[in-house]
Amino acid sequence: MAGRTRRSSNELDAAERNAMPEREYAFPRVRKEPLNDASHVRNAIARFDQVRDVSDEERREAFRRIRRAAGRYGVEMTADRWQDLGKPSAGRKSSDKAKSKSQLYNEAKSRKIKGRSSMTKAELERALQG
């Protein structure tokens, strides 16, 4: 890459995108949302509902591909349906979505939720919803 620099080590240039096989994209027909590392998987989750000109069947298949890639790269994916990807969780404020495990733990402590010290972040979120 003589004479060229990238802004980020996770950014793909056009040649790298073109060299990627279709199976490495969430949406292979339109070559959208590469799934080649954790950063791109998180991006595919966040931008899922922004992809245009794809069918519901392609979205179902993309959801399956993203879920598989999330597991491979250790990316947390909370959506159970493709219709929920890229959208804020129903009934939750955006500020709730950004809370760290430590913040959730402190809230659970203030509410005197039993068993909080051994809970995962997802378990703390569920306990605080009830």
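Everything numeric here is computed off the predicted structure, so don't read it as measured data.

Student: Mind showing me how you'd approach the overall build of the protein here?
Tutor: When helices and strands are counted, the protein shows six helices and two strands. Counted from the first residue to the last, the protein has its helices and strands arranged as α-β-β-α-α-α-α-α. Sequence-distant contacts in the protein: of pairs separated by 6 or more residues, those separated by 24 or more amount to 37%. Of the accessible surface of the protein, which amounts to about 9000 Å², a share of 47% is contributed by carbon and sulfur atoms.

Student: What should I look at first to understand the environment of leucine 124 in this one?
Tutor: With respect to the helices and strands, leucine 124 occurs in helix α6 (residues 121–129). C-alpha of leucine 124 to C-alpha of serine 102: the two residues are 22 residues apart in sequence and 9.9 Å apart in space. Excluding its chain neighbours within four sequence positions, the residues that come into contact with leucine 124 are Lys101, Leu104, Tyr105, Ala108, Arg116 and Met119.

Student: Is there a simple way to think about the pattern of salt bridges in this case?
Tutor: Note on pairing: side chains with opposite charge can pair once their charged atoms come close. Applying the stated criterion across every chain yields a total of seven salt bridges. Where glutamate 61 meets arginine 64, a salt bridge forms, and the shortest distance between an N and an O atom there is 2.3 Å. Residue glutamate 61 and its partner arginine 64 are both found in helix α3 (residues 56–73); the two are separated by three residues, about one turn of the helix. Residue class for glutamate 61 comes out partly exposed when judged on its relative accessible area of 26%. With a closest N to O distance of 3.5 Å, arginine 65 and glutamate 61 form a salt bridge. With arginine 65 and glutamate 61 both in helix α3, this residue pair falls four residues apart, about one helical turn.

Calculation rules
- Residues numbered from 1 in each chain as written.
- Predicted model: local features only at pLDDT ≥ 70, side-chain atom pairs only at ≥ 80, totals over all residues.
- Heavy atoms only, no water.
- Helix = DSSP H or I, 4+ residues; strand = E, 2+ residues; numbered from the N terminus.
- Contact = heavy atoms within 4.5 Å.
- Areas by Shrake-Rupley, 256 points an atom, 1.4 Å probe, with all protein chains shown as cover.
- Salt bridge = Lys/Arg side-chain N within 4 Å of Asp/Glu carboxyl O.
- Buried < 20%, exposed > 50% of the residue type's maximum accessible area, 1.4 Å probe, protein only.

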